[in-house]
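Report on the structure
Here's the letter readout for the chains.
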Amino acid sequence: QVQLVESGGGLVQAGDSLRLSCEASGRTFSTYAMGWFRQTPGLEREFVAGISRAGGMTSYADSVKGRFTISRDNAKNTVLLQMNSLKPEDTAVYYCAARPRSFYSGNYRSYREYDYWGQGTQVTVSS
């Protein structure tokens, strides 16, 4: 089991950058593929980015490709989401998620594939 705690959200202007951090507890962090999702009221949780257990494979939603970068440091039990060139449509609650399976097992873009979630951090981008 793993506990996840996100941080780094806030209110920024369009074009600004933010870096979200997700810290995981437990000794087996490297056995989890990780993902970042986001959600706005009334909509389903949306895949943003994912990273494999060793960090060698990443994937992004088309809407953030080229602007966001996911990375992880297994020695520090941390996964990061660097968000550049933010747009008002990036406004959402961002969640960190973990799944104890290989990255491409199942549908890694579906929130239903993830077993553990953080509490979320709000990102608001003003125009």
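Here, the structure is the one placed above.
1. Topic: the state of the cysteines
- Within the structure shown, the criterion is met by 1 disulfide.
- One disulfide in the model links Cys 22 with Cys 96; its S-S distance is 2.1 Å. Between Cys 22 and Cys 96 the sulfur-sulfur dihedral comes to about -75 degrees; the bridge is accordingly left-handed. Placement of the pair is Cys 22 in strand β3 (residues 18–24) and Cys 96 in strand β9 (residues 92–99), with a sequence separation of 74 residues.
- Among the residues examined, Cys 22 registers a relative accessible area of 0% and is labelled buried.

2. As for the pairing of strand β1 (residues 4–7)
- Alternating residues of β1 divide into Leu 4 and Glu 6, all buried, and Val 5 and Ser 7, none buried.
- Pairing of β1 with β3, which is carried by 4 bridges, proceeds in the antiparallel orientation. Bridging across to β3, Glu 6 finds its partner in Cys 22.

3. Quick look at the sheet that holds β1
- Sheet architecture is open: 4 strands sit in the order β1-β3-β8-β7, paired in antiparallel fashion. In the strand order of this sheet, the two ends are held by β1 and β7 (68–73), each with one partner. Ignoring which end each strand starts from, the neighbouring axes of this sheet average 15 degrees apart.
- Pairing geometry for β3 and strand β8 (residues 78–83), over 6 bridges, is antiparallel.

4. A short note on unusual backbone geometry
- Non-glycine residue Asn 77 carries a positive phi angle of around 55 degrees.
- The residue Asn 77 is located in the loop between β7 and β8 in this model.
- According to the relative accessible area criterion, Asn 77 is buried, its value standing at 16%.
- Here Ser 85, not a glycine, exhibits a phi torsion of approximately 50 degrees, which is positive.
- We classify Ser 85 as partly exposed; its relative accessible area is 40%.

5. A few points about the packing of aromatic side chains
- According to the stated counting rule, one finds 10 aromatic pairs in the structure shown.
- Arranged with centres 5.7 Å apart and planes meeting at 75 degrees, the rings of Phe 47 and Tyr 108 form a pair that is edge-to-face. With Phe 47 in strand β5 (residues 46–51) and Tyr 108 in the loop between β9 and β10 (116–117), this pair connects stretches of sequence that are 61 residues apart. Comparing Phe 47 with Tyr 108 shows no difference in burial state: the two are buried.
- Here a set of aromatic residues connected by ring pairs shows up, and it is made of Phe 37, Phe 47, Tyr 95, Phe 103, Tyr 104, Tyr 108, Tyr 114 and Trp 117.
- Against the face of Tyr 95 rests Arg 45, its NZ or CZ located 3.7 Å from the ring centre.
- In this structure, Arg 45 packs its charged tip against the face of Trp 117, placed 4.7 Å from the ring centre.

Conventions adopted
- Residues numbered from 1 in each chain as written.
- Predicted model: local features only at pLDDT ≥ 70, side-chain atom pairs only at ≥ 80, totals over all residues.
- Heavy atoms only, no water.
- Disulfide = S-S within 2.5 Å.
- Helix = DSSP H or I, 4+ residues; strand = E, 2+ residues; numbered from the N terminus.
- Buried < 20%, exposed > 50% of the residue type's maximum accessible area, 1.4 Å probe, protein only.
- Pairing = 2+ DSSP bridges.
- Axes fitted to C-alpha atoms, helices over the stretch in contact; angles between N-to-C directions.
- Phe/Tyr/Trp six-rings, centres within 6.5 Å; stacked < 30°, edge-to-face > 60°.
- Lys NZ or Arg CZ within 6 Å of the ring centre and 35° of its normal.

In short, the description is geometric, and any link to function would need to be established separately.
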